[in-house]
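The residues making up each chain are set out below.
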Amino acid sequence: MKAGAAAVLESVRGEAIFLEEVRAEASINDLLAEVTVTQRYRNPEATNVEAVYTFPLPLDGVLLGFGVEIGDRRLAGVVVEKAEGERRYEEAITDGDAAVLLEQAEPGLYTASVGNLLPGETATIHFRYGLLLRWNGDRVRFAMPTTIAPRYGDPASAGLAPHQAPEYALDAERAFSLRVAVRGLLKDARFNSPSHGVSVAPEADATLIALTGAPAMDRDFVLEARSSRPEAASALVARDLDGWVALASFRPEIPMAGDDQRRSVKIVVDCSGSMGGDSIAQARAALERILDDLRAGDLFEIIAFGSSQRALFGRETPVSETTVAQARRFVRALDADMGGTEIAAALEAAYAVRGASDLHRDLLLITDGEVWDDGSVVGRAKQSGHRFFTVGVGSAVAEAFVRGLAEATGGACEFVAPREDMAERVHRHFQRMYAPRARSAFVSWPAQALCRVPDAIGPVYGGDTVHLFAWLAEKPEGRVSLEVTLADGRVVRHETEIHPFEGSPVEMPATDDASLPALTRLAAARRLAATGDGKAATVLAVRYQLMSEWTNYIVVHVRADTEKAEDLPKIIRVPQVLAAGWHGMGTVHAERSFALDACYDLAAPAMAERADDLRSLRSRAYARPMRGVVAGAIGPTELVALLNAHAMTSSPSFNDLEVWGAPEAVLVALRDLVDQGVDEAMVVAAFLYLLAGSEAGNALDRQVRSRILKAYKTETPHQAVMDAVTYAFDAWRRQWATEANGF
């Protein structure tokens with residue numbers, strides 16, 4: 001293994017920095033943004049390392065490309081089925097090669113694992129993603145998340161593996177730069193960034209925007225483009241493998257007047273510690289403005305929450321001068337002093353508020369969304385019968401949760417950065433509640449659509465963008481239209497001509513995956529999200545080379561024999577930069593599984609046994625009665641937890657298994673094999689390998705898993721040994737399951 005001498009970049013506390021720099025280049029063309037991000041990792045330590053970094057991307061962002069530079073080699077990533085990607089990565093690491101694995105930890109969160117970086121070595125990762133922007137009134141907002149704020153709860157409840165859980169450091173730092181080129185529809189817009197200082201330079205074919213000063217990755221980058229001539233509709237067509245795909249984007253103009261129905265408005269405001277500082281100040285300002293917007297005859301209630309809840313009235317109360325004055329005093333006294341973020345309990349309290357049963361029920365939620373267990377909360381909100389209008393506040397809002405609540409319930413969401421005029425933004429958001437509801441919405445394509453996404457058009461709000469995709473066997477020629485019928489019978493209609501997607505010939509279908517334009521892959525990603533079948537989604541994701549919950553990006557750099565890492569790498573979890581203003585800290589200014597049947601090549605077993613001995617061993621294993629192989633005090637899941645909690649040596653022994661708490665009955669069965677002449681280390685390696693490949697093994701810590709695989713590769717148990725150990729392992733697992741089920 002080569003050792004390199006290099007200058008070491010350190011944090012202010014003298015800790016080594018592994019992720020030195022992040023650069024981003026964005027190109028916005030009409031409503032399509034493409035962003036290329038570069039992350040440069042360097043190993044400043046004297047041993048090989050595996051740097052693991054979980055980072056956020058926009059919820060609608062679709063990864064379009066991934067590659068890495070290691071030394072003088074530039075390698076392109078490929079999207080493969082998830083288990084296949086993990087298998088290739090683990091094998092490369094245990095073989096001493098370098099590899100990079102990119103996983104989706106949850107929607108909007110990704111984990112990059114840069115494995116076997118040698119001392120002093122640098123790896124530069126490049127990835128590119130695309131996303132569709134939306135009109136919000138006369139504004140278009142482009143946001144690039146840069147850090148993950150600490151969240152309340154357990155990351156495991158959101159499905160994150162131990163190595164994917166974000167780490168935090170008060171002094172984490174890295175160089176950050178960002179440039180944006182705006183062309184087309186928004187080129188001449190007025191630009192403003194509430195998050196960062198920027199320079200704006202209009203040029204002939206684009207407006208160039210760059211960060212100024214010394215920008216930090218402690219807040220989302222937000223760029224707003226305001227236009228006096230927002231486009232009402234546009235449509236594009238691009239080639240697909242079997243035909244064409246078209247995108248129609250509508251910004252319907254829906255008159256606000258006409259809906260005088262009384263409303264039930266419940267306002268839930270997050271007063272947990274994470275809202276301290278800018279966020280709670282913004283929330284108070286927004287709530288005061290909302291109180292001005294309430295209409296006579298409406299019913300309302302306000303609930304503040306943290307670890308517990310505090311309600312203003314205890315029931316829905318009619319709007320009056322007196323009740324609004326009471327509410328204003330309640331709001332002005334709010335502070336981020338209510339502890340944790342028990343948002344599920346707070347929303348249950350809101351659902352239970354007594355009120356008129358004949359009114360539409362709307363709920364306005366103001367929060368930073370910093371919780372891990374958001375899936376169950378969204379599911380329950382959908383069942384509650386309330387429309388959610390969510391407002392995400394802070395420097396690093398959990399977009400998936402805040403947007404997910406709104407979209408699942410037919411509402412809408414807004415995001416407000418610390419230096420934005422929250423009162424004005426929330427006022428407009430609040431008006432959506434009073435907007436006339438659409439009874440139906442229908443899109444007409446100029447050719448027969450084979451498939452549409454979404455299949456049914458959801459809620460439509462005036463001034464907001466609706467993106468609609470269609471797949472067509474024939475190239476569409478002509479105009480596409482959207483017709484929205486309001487509850488009172490009025491009809492709003494928009495239509496637009498379909499144009500070819502820029503830079504992409506559309507006369508013939510695409511001939512291969514590599515020639516697919518970005519628009520086609522963005523469309524495929526939407527179709528993927530709408531697919532309820534995991535197997536079909538996996539096939540689609542691999543075909544279009546899309547990152548998803550079913551697929552990973554993988555790159556393997558096979559080293560020369562003299563450069564291979566000799567030991568397993570030390571895992572380094574790259575910390576997040578703490579979000580600006582989080583918890584009141586200042587104010588913002590300016591399933592893993594081993595595929596055992598398709599896994600490792602065991603063509604050269606190290607164990608020199610005679611064939612007769614092997615046949616004897618196998619036959620004795622299967623002839624052996626169940627003696628001794630009964631469930632011990634723990635099962636596979638418990639043993640995995642103990643393995644994660646203990647340091648594991650490179651060559652585990654029976655003594656290690658005893659220390660980790662393996663059942664005595666299992667140890668007796670395994671020792672029988674040693675008594676028959678099998679090497680102890682080989683038996684233990686085979687047993688742990690089977691444990692790692694079991695369902696319980698999915699929860700193994702990555703470093704423990706790598707050590708198990710390394711031990712397995714070193715010992716290379718012969719098939720007869722595997723058969724015998726499998727017999728003991730399966731007997732223990734079955735017996736444990738039987739006892740656990742009470743049979």
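Residues numbered from 1 in each chain as written. Predicted model: local features only at pLDDT ≥ 70, side-chain atom pairs only at ≥ 80, totals over all residues. Heavy atoms only, no water.

(A) Molecular detail of the overall build of the chain. Scanning the chain from N- to C-terminus turns up 16 helices and 34 strands. When the 743 residues of the chain are sorted by exposure, 57% land in the buried category. (Helix = DSSP H or I, 4+ residues; strand = E, 2+ residues; numbered from the N terminus. Buried < 20%, exposed > 50% of the residue type's maximum accessible area, 1.4 Å probe, protein only.)

(B) Representation of the sheet that holds strand β17 (residues 221–226) within the structure. Strand order across the open sheet formed by four strands is β10-β11-β17-β14, with antiparallel pairing between neighbours. Looking at strand neighbours, the two that pair on one side only are β10 (135–136) and β14 (190–192), the edges of this open sheet. Relative to strand β11 (residues 139–144), helix α7 (residues 422–434) is tilted by about 115°, and along the sheet it contacts β10, β11 and β17. (Pairing = 2+ DSSP bridges. Contact = heavy atoms within 4.5 Å. Axes fitted to C-alpha atoms, helices over the stretch in contact; angles between N-to-C directions.)

(C) Main features of the packing of helix α14 (residues 680–693) against helix α15 (residues 702–715). One can describe the packing of α14 onto α15 by two numbers: an axis separation of 9 Å at closest approach and a directional angle of 135°. Taken together, α14 and α15 sit at an angle that is classed as oblique. For the pair α14 and α15, the crossing hand works out as left-handed. Here Ala 681, Met 682, Ala 685, Leu 688, Tyr 689 and Ala 692 of α14 lie close against α15, whose contacting residues are Arg 705, Ile 708, Leu 709, Ala 711, Tyr 712 and Glu 715. For the contact of α14 with α15, the per-class residue count stands at 10 nonpolar, no polar and two charged. (Parallel < 35°, antiparallel > 145°, perpendicular 65-115°, else oblique. Left-handed = near helix turned anticlockwise from the far one by under 90°. Nonpolar A, V, L, I, M, F, W, Y, C, P; charged D, E, K, R; others polar.)

(D) Structural detail: helix α1 (residues 82–94). Over its 13 residues, α1 runs 19 Å from end to end, which matches the ideal 18 Å to within 8%, given 1.5 Å per residue. Along α1, 10 of the 13 residues are buried, which leaves the element largely enclosed by surrounding structure. Of the positions making up α1, those classed as buried are Lys 82, Ala 83, Gly 85, Glu 86, Arg 87, Tyr 89, Glu 90, Ala 92, Ile 93 and Thr 94. For α1, the side-chain oxygen to backbone nitrogen distance between the N-cap and Ala 83 is 3.2 Å, and the N-cap itself is Glu 81. In the segment just after α1, Gly 96 is the residue with positive phi, at about 90°. (Expected span 1.5 Å × (residues − 1). Polar contact = N/O pair within 3.5 Å; in protein donor to acceptor, adjacent residues only side chain to side chain.)

(E) The arrangement of the sheet that holds strand β1 (residues 19–29) in detail. If you trace the eight strands from one edge of the open sheet to the other, you get β5-β4-β9-β2-β1-β13-β16-β15, paired in mixed fashion. Lying at the two open borders of the sheet, with one neighbouring strand each, are β5 (73–76) and β15 (198–202). Here the average twist between neighbouring strands, direction ignored, is 15°. Pairing analysis gives eight bridges linking strand β4 (residues 62–70) to strand β9 (residues 122–132), with the strands arranged antiparallel. Bridged to Leu 63 within β9 is Tyr 129. Against the sheet, helix α8 (residues 518–529) contacts β2 (32–42), β4 and β9, and its axis sits at roughly 115° relative to β4.

(F) Quick look at the environment of Ala 281. Within the element layout of this structure, Ala 281 appears in helix α2 (residues 278–293). A sequence separation of 51 residues divides Ala 281 from Arg 332, and the C-alpha atoms of the two residues are 9.5 Å apart.

(G) Expanded view of the pattern of salt bridges. All told, the structure shown has 46 salt bridges when counted by the stated rule. Across the salt bridge formed by Arg 573 and Glu 167, the nearest N and O atoms sit 3.4 Å from each other. Pair noted here: Arg 573 is in strand β33 (residues 570–573) and Glu 167 is in strand β12 (residues 167–169), with a separation of 406 residues, a long-range link. Accessibility expressed as a relative area gives 30% for Arg 573, which makes it partly exposed. For Glu 167, a relative accessible area of 33% translates into the label partly exposed. (Salt bridge = Lys/Arg side-chain N within 4 Å of Asp/Glu carboxyl O.)

(H) Highlighting the packing of aromatic side chains. A complete count under the given rule lists 14 aromatic pairs for this structure. Where Phe 55 meets Phe 127, the ring centres are 5.3 Å apart and the plane angle is 20°; that geometry is what we call stacked. Linking Phe 55 in strand β3 (residues 49–56) with Phe 127 in strand β9, this pair joins segments that are 72 residues apart in sequence. Among the residues examined, Phe 55 registers a relative accessible area of 4% and is labelled buried. A relative accessible area of 3% places Phe 127 in the buried class. (Phe/Tyr/Trp six-rings, centres within 6.5 Å; stacked < 30°, edge-to-face > 60°.)

(I) Highlighting the nonpolar core. Grouped together as the largest cluster of nonpolar side chains are 58 residues, with contacts concentrated most on Tyr 41, Phe 142 and Val 180. When residues no more than four places from it in sequence are discounted, the contact partners of Tyr 41 are Phe 18, Leu 19, Ala 51, Tyr 53, Ala 112, Val 114, Leu 117, Glu 121, Thr 122, Ala 123, Ile 125 and Val 574. (Core = buried A, V, L, I, M, F, W, Y, C linked by side-chain atoms within 4.5 Å.)

(J) Structural view of the packing of helix α4 (residues 343–351) against helix α5 (residues 375–384). With their axes 10 Å apart at the nearest point, α4 and α5 run at an angle of 5° to one another. Taken together, the axes of α4 and α5 are roughly parallel relative to one another. Across from Ile 343, Ala 344, Leu 347, Glu 348 and Tyr 351 in α4, the residues of α5 making contact are Val 377, Arg 380, Ala 381 and Ser 384. By residue class, the composition of the contact of α4 with α5 is six nonpolar, one polar and two charged.

(K) Here's a closer look at the confidence of the model for the chain. Model confidence for the chain is summarised by a mean pLDDT of 83, while 87% of its residues fall at 70 or above. Contacts of residues 1–14 to residues separated by more than four positions or lying in other chains number 30 contacts, the stretch itself having pLDDT below 50. Note that residues 590–632 has pLDDT below 50 and, in this model, 86 contacts with residues that lie over four places away or in other chains. (pLDDT = per-residue confidence, 0-100.)

(L) Fine view of unusual backbone geometry. For the bond from Val 453 to Pro 454, the omega torsion is 0°, close enough to zero to count as cis. You can see Pro 454 is positioned in the loop between β28 (449–453) and β29 (466–472). Even without being glycine, Asp 30 reaches a positive phi, approximately 55°. Checked against the element boundaries, Asp 30 lands in the loop between β1 and β2. Look at Asp 30 and you get partly exposed, because its relative accessible area is 33%. Phi angles above zero are rare outside glycine, and Thr 716 is one such case at about 40°.

(M) Fine view of the side chain of Thr 147. Examined against the element boundaries, Thr 147 turns out to sit in the loop between β11 and β12. Judged by its relative accessible area of 3%, Thr 147 is buried. At 3.4 Å, the side chain of Thr 147 forms a polar contact with the side chain of Gln 576. Side-chain polar atoms of Thr 147 contact the backbone oxygen of Val 577, separated by 2.5 Å.

(N) Broad picture of the pairing of β11. Sheet analysis places β10 next to β11, joined by two bridges and oriented antiparallel. Within β11, the residue paired with Trp 135 across the bridge is Val 140. The pairing of β11 with β17 spans six bridges and is classified as antiparallel. Paired with Phe 142 across the bridge in β17 is Leu 223.

(O) Inspection of α14 at higher detail. Between the first and last C-alpha of α14 there are 20 Å, a value that for 14 residues agrees with the 20 Å anticipated at 1.5 Å per step. For α14, the tally of buried residues reaches 13 of 14 residues, placing the bulk of the element in the interior. Capping the start of α14, Asp 679 holds a side-chain oxygen 3.0 Å from the backbone nitrogen of Ala 681, two or three residues further along.

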